[in-house]
There are 2 protein chains.
Amino acid sequence: MGGLSIGELARRTGVHIETIRYFEKVGLLAEPDRTEGGHRVFTDQHVRALSFIKRARELGFTPGEVRAILELGGPEEACCDEVREIAVHHLDQVRRKMADLERLERLLASTVERCSGGHVPDCPVIDMLDGVAP
Amino acid sequence: MGGLSIGELARRTGVHIETIRYFEKVGLLAEPDRTEGGHRVFTDQHVRALSFIKRARELGFTPGEVRAILELGGPEEACCDEVREIAVHHLDQVRRKMADLERLERLLASTVERCSGGHVPDCPVIDMLDGVAP
DNA sequence: CTTGATCCTGTAGCGACTACAGGTGGCACA
DNA sequence: TGTGCCACCTGTAGTCGCTACAGGATCAAG
């Protein structure tokens, strides 16, 4: 029961077969059992772990962060605190990035506002790029 | 006047020499003039363009987006509108990502809250990873 | 005119996948 | 019991956006 081929696992999680093998190779996903002939046999827990990895990666956690969270998965004491620490740290970074982005957005928006549609010789954007941009 | 070596350009912009050559190779930065002996000679406009590229990359714009902005750099009409379009689109994506992240943060935080420090057998994080995490 | 820093090209490496080539495994169906 | 065929295996090479190095040429100061 619960014995999935790599193809089934890929279908259920939406992760490419090659990527699953890659995750296993770099130690993000536990090595599954094998059939006599060498085919991988995954369990439901692999499904959950892989879904977790996928979600975390999609949300911008680095493989290192994912690994760090995963390495706390045993019955260790401070696991939750450490997981939260990683998540909070990550969130901090994203918020900082977001703040930077909003700053740029304001810059671009105001730049664009001053360039009222047609070609103005002192449009700041054109001014910045003219003659050098390929 | 304004003739910079690649080293000076690197120092002024904080972009690695190799990266400057790379940007030139992939068409992000205009090809500079050369000395008799083949050394690149950059202008102040290169400094501005490269700074722009650097900032945009740091803020998460893809090379494709940067290229798209740069390609509007000539004295074209709708340039500003299009630049704004790209920026707004990018901002949208980041906001969506940020929303996803906040959702995960809430999930993790609440998960963590329920796991009150020590090892509890039904801590959701451990439960999710136990036995499969490497 | 020599010396040493800087520059040149070209190639290879990184991380995190992705894709392919060439070779087995597993299993339904005859 | 074959046999056909898809799914799976390993291993290598490609991608993207750089980064680093090797081996050589150029520049500018003394």
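Going by what an unreviewed UniProt entry lists, chain A is known as MerR family transcriptional regulator and is assigned to Tsuneonella aeria.

Undergrad: Which parts of the structure should I look at to understand the protein's contact with DNA strand D?
TA: Taken together, 19 residues lie around DNA strand D, and Ser5(A), Arg21(A), Arg40(A), Thr19(B) and Thr35(B) are the ones closest in. Backbone sugar and phosphate groups make up 85% of those atoms of DNA strand D lying within 4 Å of the protein. Arg21(A) places a side-chain nitrogen or oxygen 2.7 Å from a phosphate oxygen of DNA strand D. The contact in question runs from a phosphate oxygen of DNA strand D to an N or O atom on the backbone of Arg40(A), over 2.7 Å. Only α1 (6-13) and α2 (17-25) of chain A together with α2 (17-25) of chain B provide two or more residues apiece to the surface near DNA strand D. Grouping the constituent residues of the surface near DNA strand D by class yields five nonpolar, nine polar and five charged.

Undergrad: In this structure, what is going on with the protein's contact with DNA strand C? I would like to understand it.
TA: Taken together, 19 residues are adjacent to DNA strand C, and Thr19(A), Ser5(B), Gly7(B), Arg21(B) and Arg40(B) come closest. When the atoms of DNA strand C within 4 Å of the protein are sorted by group, sugar and phosphate make up 87%. Thr35(A) places a polar side-chain atom, nitrogen or oxygen, 2.9 Å from a phosphate oxygen of DNA strand C. The side chain of His39(A) places a nitrogen or oxygen atom 3.3 Å from a sugar or linking oxygen of DNA strand C. Contributing elements (two or more residues each) for the surface near DNA strand C: α2 of chain A together with α1 (6-13) and α2 of chain B. Counting residues per element, the surface near DNA strand C draws most heavily on α2(A), which supplies four residues. Grouping the amino acids of the surface near DNA strand C by side-chain chemistry returns five nonpolar, nine polar and five charged.

Undergrad: Got a minute to help me understand the side chain of Thr13(B) in this structure?
TA: Residue and element names in this part refer to chain B. Mapped onto the elements of the fold, Thr13 is located in helix α1. Given the relative accessible area of 7%, Thr13 is considered buried. Among the polar contacts made by the side chain of Thr13, one reaches the main-chain carbonyl oxygen of Leu9 at a distance of 2.7 Å. Excluding residues within four positions of it along the chain, Thr13 makes contact with Val47, Leu50, Ser51 and Lys54.

Cut-offs and rules
- Residues numbered from 1 in each chain as written.
- Chains lettered and ligands numbered in written order.
- Predicted model: local features only at pLDDT ≥ 70, side-chain atom pairs only at ≥ 80, totals over all residues.
- Heavy atoms only, no water.
- Near = heavy atom within 4 Å.
- Polar contact = N/O pair within 3.5 Å; in protein donor to acceptor, adjacent residues only side chain to side chain.
- Helix = DSSP H or I, 4+ residues; strand = E, 2+ residues; numbered from the N terminus.
- Nonpolar A, V, L, I, M, F, W, Y, C, P; charged D, E, K, R; others polar.
- Buried < 20%, exposed > 50% of the residue type's maximum accessible area, 1.4 Å probe, protein only.
- Contact = heavy atoms within 4.5 Å.

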